[in-house]
Structures are given as C-alpha cells and as structure tokens.
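# Observations on the model geometry
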Amino acid sequence: MNENIEQMVNENTYSEIDLKNIFKNLFESKFTIFTISSLFAIFSIIYSLYLPNIYQSQALLAPVQERQSSMSSFGQAANLASLAGISIGSSSAGDKSVEAIERIKSFDFFSKFFLPSIKLEDLMAVDSWNNSNNQLLYEEDSFDSDKNVWLTGIPSEQQAYGKYREKMSISQDKKTAFVTISIKHKSPNIAKRWTENIIEEINRSMREEEKNKVTNSIEFLNNQISSVNYNEIKQSISSLLEEQMKSLMLIEADENYIFKVISSPISPEKKSEPRRSIIVMLATFFGFILSIIYVLIFKSKSKR
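Cut-offs applied
- Residues numbered from 1 in each chain as written.
- Predicted model: local features only at pLDDT ≥ 70, side-chain atom pairs only at ≥ 80, totals over all residues.
- Heavy atoms only, no water.
- Helix = DSSP H or I, 4+ residues; strand = E, 2+ residues; numbered from the N terminus.
- Buried < 20%, exposed > 50% of the residue type's maximum accessible area, 1.4 Å probe, protein only.
- Contact = heavy atoms within 4.5 Å.
- Areas by Shrake-Rupley, 256 points an atom, 1.4 Å probe, with all protein chains shown as cover.
- Pairing = 2+ DSSP bridges.
- pLDDT = per-residue confidence, 0-100.
- Phe/Tyr/Trp six-rings, centres within 6.5 Å; stacked < 30°, edge-to-face > 60°.
- Salt bridge = Lys/Arg side-chain N within 4 Å of Asp/Glu carboxyl O.
- Axes fitted to C-alpha atoms, helices over the stretch in contact; angles between N-to-C directions.

### Considerations on the overall build of the chain
Helix and strand content of the chain: 10 helices and 8 strands. Out of the 304 residues belonging to the chain, those deemed buried represent 36%. When contacts within the chain are restricted to residue pairs at least 6 apart in sequence, long-range pairs at least 24 apart make up 77% of them. When the accessible area of the chain is evaluated, it comes to approximately 19,400 Å², of which 54% is carbon and sulfur surface.

Below is the structure:
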C-alpha cells in the first residue's frame with residue numbers, strides 16, 4: 001500500500017517537472033515561436049492579397065402555380081388524350097420546379113441554352129476584373145484577348161461544364177418551396193447577367209417545350225374529331241380541345257412559366273470571397289502550432 005502511494009507521488013512529481021520543463025523550453029524559445037508565426041502571417045497576408053475578389057449574384061425565385069386543368073376522365077376520349085400525350089392529372093408546381101432545378105444542373109441545359117449565350121473565355125480564362133474601367137483581364141498563358149485566340153487550345157464543352165457547376169449554385173427550401181440560384185464570378189456584372197440568363201432560359205425552354213406539346217395535342221384532337229362518328233366521343237374530344245386551348249392561352253400569356261422572380265439578381269458591390277482575415281488567422285495559428293512542435297522536438301533532441 002505504501003509502495004503504491006509512493007509510486008503515485010513520484011509519477012505526479014515527474015509530470016509536474018515535465019510540464020515545467022515544457023513551458024520553460026517554450027518560454028526560452030519564444031523568439032523562435034514568434035518569428036515562425038510572424039512568417040506564416042506575413043506570407044498568408046501576401047497570398048490573400050494576391051487572390052482575386054469573387055462576387056456572388058443571387059436571385060430568389062418562386063415556383064409558378066401549375067395551370068389548373070379541369071379535365072376529368074371521359075372513357076374512350078381519355079385514351080385518345082393519352083395517345084396525344086395529354087396528361088389528365090396535372091402535376092404539381094413543386095414537381096415542375098424540381099424538374100427545372102435538375103435541368104439547370106444538367107449538361108444538356110448548359111450546352112444548349114447557357115453556353116451559346118456567353119463568351120467561353122469569360123467562363124474559363126478570366127484572371128481578374130478591373131473595377132475602374134469594368135474590364136476583364138484574362139490569363140496570359142491561356143487566352144490572348146487582343147487576337148481573340150486560345151493559346152492552350154479551346155476548352156471542351158465538358159471542361160466548361162465543370163467550371164459552370166463550380167460557379168453556379170441552386171437549391172430549394174423544402175418549407176417555402178422558394179428557389180435560390182446564384183453565380184460566382186470575378187466580375188459582379190457577369191455574375192448578375194449569367195444569373196438572369198439562366199432564369200430566362202429555363203422559363204423559355206420549358207415554356208416552348210410545353211407549348212409544342214400542347215400544339216401537337218390540339219392538332220391530334222382536331223384530326224380525330226373529324227373521323228369520329230359517335231356524338232358522345234365528339235363531345236369528349238371537344239372538351240379536351242377546349243382544355244388544351246386554355247392551356248395554350250395560359251402558356252402564351254405568361255413568360256414566367258416555371259419561376260417568378262421574387263428578388264432579382266444584382267451586381268454586388270462587396271465581394272463574397274476570399275475571406276482574407278480568416279485565411280490570415282488560420283495560417284498564423286497553424287504557424288504558431290508548428291513552431292511549438294518544432295521547438296519541443298528540437299529541445300528534446302538537443303538533450304540527448
């Protein structure tokens with residue numbers, strides 16, 4: 001029993017001495033710790049100042065309520081509607097907005113609707129933006145802006161799509177169903193313009209697609225009504241035609257087919273990235289920890 005107590009006392013005493021030695025070594029090497037930490041701080045300041053500003057333009061969208069269809073089942077006429085590609089049960093606005101979000105993320109939307117409306121060099125080769133004259137400066141080793149020539153070869157659509165996904169962000173609030181879409185770019189004006197382009201193109205493309213679908217349905221039903229002899233089926237087809245004409249009228253009348261803009265994108269005056277103060281603080285802290293480790297290892301080796 002006495003031996004155990006004596007051993008515990010010796011261990012505690014050794015721990016106290018060991019801790020005192022550690023703090024003593026750190027105190028004696030305070031200049032080294034300060035120097036290393038300062039160097040990390042200085043280099044992080046230089047690095048953060050070298051990073052170009054990134055601006056984020058954001059828009060808040062509300063899914064447009066689905067155009068209500070009062071169609072009901074008409075027996076054989078319902079089968080005709082199905083053949084014509086007409087959906088008797090209307091899908092919800094939420095389904096349309098989810099589809100639109102996935103389309104915006106897709107390569108097809110990017111290649112067909114987004115890429116043709118922008119300059120490829122603005123997506124792939126911008127180095128910085130000059131605030132005083134609103135000019136873009138391009139990476140000298142990638143793109144010659146004077147000759148308008150790519151120096152490293154024209155990037156592929158898939159490479160451009162990767163950049164698009166890095167810069168574009170879109171999400172939907174499950175409670176409110178509101179959709180937030182944003183673009184990050186070194187130019188705030190391009191960030192705003194591209195955000196507007198995406199909203200316009202998704203509304204236009206899905207509107208045109210639905211318009212073509214309804215137009216084909218109307219054409220199909222017009223052809224069928226002339227070849228049907230039964231009055232009941234003719235009445236059913238006439239009702240379907242009426243509903244499709246209403247749908248076409250609503251599609252033609254509203255440009256905001258999928259999304260209505262609640263908060264428009266703007267050219268932000270303040271950058272969103274980089275957070276230079278965070279970079280400096282983290283780098284300085286890392287340098288401080290690294291300097292402590294270095295001092296303890298160096299001291300332990302020198303005592304051997």
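### Regarding the pairing of strand β3 (residues 135-138)
Taking every second residue as pointing to the same face, the buried face of β3 carries Leu136 and Tyr138, while none of Gln135 and Leu137 on the other face is buried. Both strand β2 (residues 126-130) and β3 contribute to a ladder of 4 bridges, which runs antiparallel. Residue pairing in the sheet places Ser128 in a bridge with Leu137 of β3. The antiparallel hairpin formed by β2 and β3 contains 4 residues in its connecting segment, where Asn134 sits at a positive phi of about 55°.

### Regarding the confidence of the model for the chain
Across the chain, the average pLDDT comes to 82, with 83% of residues at or above 70. Low pLDDT, under 50, characterises residues 67-81; the predicted model gives this stretch 32 contacts beyond four residues in sequence or across chains. Taken together, the stretch residues 83-90 has pLDDT below 50 and engages in 20 contacts with residues farther than four places along the chain or on a different chain.

### Topic: unusual backbone geometry
Peptide bonds are, in most cases, trans, and in most cases residues other than glycine have a negative phi. Glu273 connects to Pro274 through a cis peptide bond whose omega is -10°. Here Pro274 is to be found in the loop between β8 (259-263) and α10 (276-302). Backbone geometry at Asn134 places phi at a positive 55°, although glycine is not the residue there. Mapped onto the elements, Asn134 comes out in the loop between β2 and β3. The exposure class assigned to Asn134 is partly exposed, which follows from its relative accessible area of 42%.

### With respect to the packing of aromatic side chains
Here the structure, examined in full by the defined rule, presents 13 aromatic pairs. With a centroid separation of 5.7 Å and an interplanar angle of 80°, the aromatic rings of Tyr55 and Trp129 are classed as edge-to-face. Placement of Tyr55 in strand β1 (residues 55-63) and of Trp129 in strand β2 is noted, with a sequence separation of 74 residues between them. Accessibility assignment for this pair places Tyr55 and Trp129 in one class, buried. Among the aromatic side chains, those forming a connected cluster through ring pairs are Phe107, Phe110, Phe114, Tyr161, Tyr164 and Trp194.

### Observations regarding the pattern of salt bridges
Enumeration over the complete set of coordinates arrives at 8 salt bridges. A salt bridge links Glu210 to Lys96, with the shortest nitrogen-to-oxygen separation between them at 3.8 Å. Taken together, the positions of Glu210 in helix α8 (residues 188-227) and Lys96 in helix α4 (residues 93-105) put the pair 114 residues apart, joining distant regions of the chain. Of the two residues examined, Glu210 and Lys96, each falls in the buried class.

### Some words on the sheet that holds β8
If you walk across this open sheet you meet the 4 strands as β6-β7-β1-β8, and the pairing is antiparallel. Both outer strands of the open sheet, β6 (168-172) and β8, are each paired with one neighbouring strand and no more. Averaged over all neighbouring strand pairs, the angle between strand axes comes to 30°, with direction disregarded. Here 7 bridges tie β1 to strand β7 (residues 179-185), and the two strands are oriented antiparallel to one another. Counted as the bridge partner of Gln58 is Ser182 from β7. Sheet strands touched by helix α7 (residues 157-167): β6 and β7. Its angle to β6, the strand with the most contacts, is close to 50°.

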